[in-house]
Structure formats: C-alpha cells, structure tokens
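# Reading the structure
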Amino acid sequence: MKSKGKTKKTARSRTRKAATSGPELERALTPLILDTLGALTVILDGEGRIVRVNAACERATGYSADELLGKAVWDFLLIPDEVEPVKAVFAELKAGHFPNTFENYWVAKDGTRRR
C-alpha cells in the first residue's frame with residue numbers, strides 16, 4: 001500500500017513540476033502575457049499566416065481571433081501599396097535579419113486605416 005501512495009505522490013509531484021516549468025509553462029503563460037500587452041501583437045507562421053493575436057489586435061482591427069487565424073496578414077489587413085514592402089520585411093526577418101523597424105497601415109474590419 002505504501003508504494004502505491006508513494007507512486008501517486010511522486011506522479012503528482014512530477015505533474016506539478018512540469019506545469020510550473022519548461023514548455024508547458026511557456027504554453028500556459030504566452031496567451032496571458034500577450035493579452036495583457038497594450039501593443040498590437042500578431043504571431044505569424046513561416047508563410048505569413050496568423051497563428052495568434054492578442055486582445056489589443058482584436059480591439060484595434062474589429063476582427064475576432066477566429067476571423068484572423070490561419071489567414072495571411074497581407075491578404076486583408078494591409079493596404080495594397082504596402083503588401084510588397086511588408087512581404088519584403090517578412091522575408092528579411094525569416095532570413096534572420098532582425099531586429100527590424102517597419103511601420104505600415106492596417107485595414108480594420110470597418111475599412112478604416114490604423115497606424
């Protein structure tokens with residue numbers, strides 16, 4: 001009986017430790033941190049598709065996260081004149097050339113431009 005209790009306690013301890021360190025903690029904290037930032041934050045995959053946005057981005061654009069996720073940022077959030085410059089900056093970042101400073105407009109759901 002003691003060994004079963006000790007095994008359960010050890011398993012609980014390992015689970016608690018895993019939840020408070022390493023990749024699990026990072027996955028749990030990332031959304032919380034992003035949503036407390038006042039700055040618009042968008043995370044893109046290697047193809048420029050949106051994989052994460054924070055609450056500030058949703059408020060500023062009028063789009064919900066569900067409407068944004070999986071779409072390429074240049075397909076609908078940019079004014080046409082800025083699509084190619086943004087793609088060029090994205091390619092530079094992918095190539096490891098960062099940090100980078102670049103400003104562009106975003107087109108909100110209601111058609112207004114945001115800077």
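Up top you'll find the structure we're talking about.
Presented here is an overview of the structure given in this document.

Basis of the calculations
Residues numbered from 1 in each chain as written. Predicted model: local features only at pLDDT ≥ 70, side-chain atom pairs only at ≥ 80, totals over all residues. Heavy atoms only, no water. Helix = DSSP H or I, 4+ residues; strand = E, 2+ residues; numbered from the N terminus. Buried < 20%, exposed > 50% of the residue type's maximum accessible area, 1.4 Å probe, protein only. Contact = heavy atoms within 4.5 Å. Areas by Shrake-Rupley, 256 points an atom, 1.4 Å probe, with all protein chains shown as cover. Core = buried A, V, L, I, M, F, W, Y, C linked by side-chain atoms within 4.5 Å. Pairing = 2+ DSSP bridges.

The helix and strand tally for the protein stands at six helices and four strands. Listing each helix as α and each strand as β along the protein from the N terminus yields α-α-β-β-α-α-α-α-β-β. Across the 115 residues in the protein, those meeting the buried criterion constitute 26%. When contacts within the protein are restricted to residue pairs at least 6 apart in sequence, long-range pairs at least 24 apart make up 32% of them. In the form shown here, the protein has an accessible surface area of approximately 8200 Å², with 57% of it arising from carbon and sulfur atoms.

Moving on, we come to the nonpolar core. Membership of the largest hydrophobic core comes to 16 residues, with the highest contact counts inside it found for I50, V53, L68, W74, F76, L77 and L78. Breaking this core down by element, the ones donating at least two residues are β2 (50–53), α4 (65–68), α5 (73–76) and α6 (83–94).

It is worth spelling out the environment of E58 at this point. Locating E58 in the fold gives a position in helix α3 (residues 55–61). Judged by relative accessible area, which is 28%, E58 ranks as partly exposed. The contacts of E58, once residues within four sequence positions are left out, are V53, Y63, S64 and A65.

Before going further, it helps to spend a moment on the pairing of β2. Pairing of strand β1 (residues 42–44) with β2 involves three bridges; the strand directions are antiparallel. Bridging from a neighbouring strand, V42 pairs with V53 of β2. Here β1 folds back onto β2, and the loop between the two strands holds five residues, one of which, G48, carries a positive phi near 90°.

Our next topic: the environment of E47. With respect to the element layout, E47 can be found in the loop between β1 and β2. Spatially, the C-alpha atom of E47 lies 9.8 Å from that of K71, the residues being 24 residues apart in sequence. Beyond its immediate sequence surroundings of up to four residues, E47 is in contact with W74, F90 and K94.

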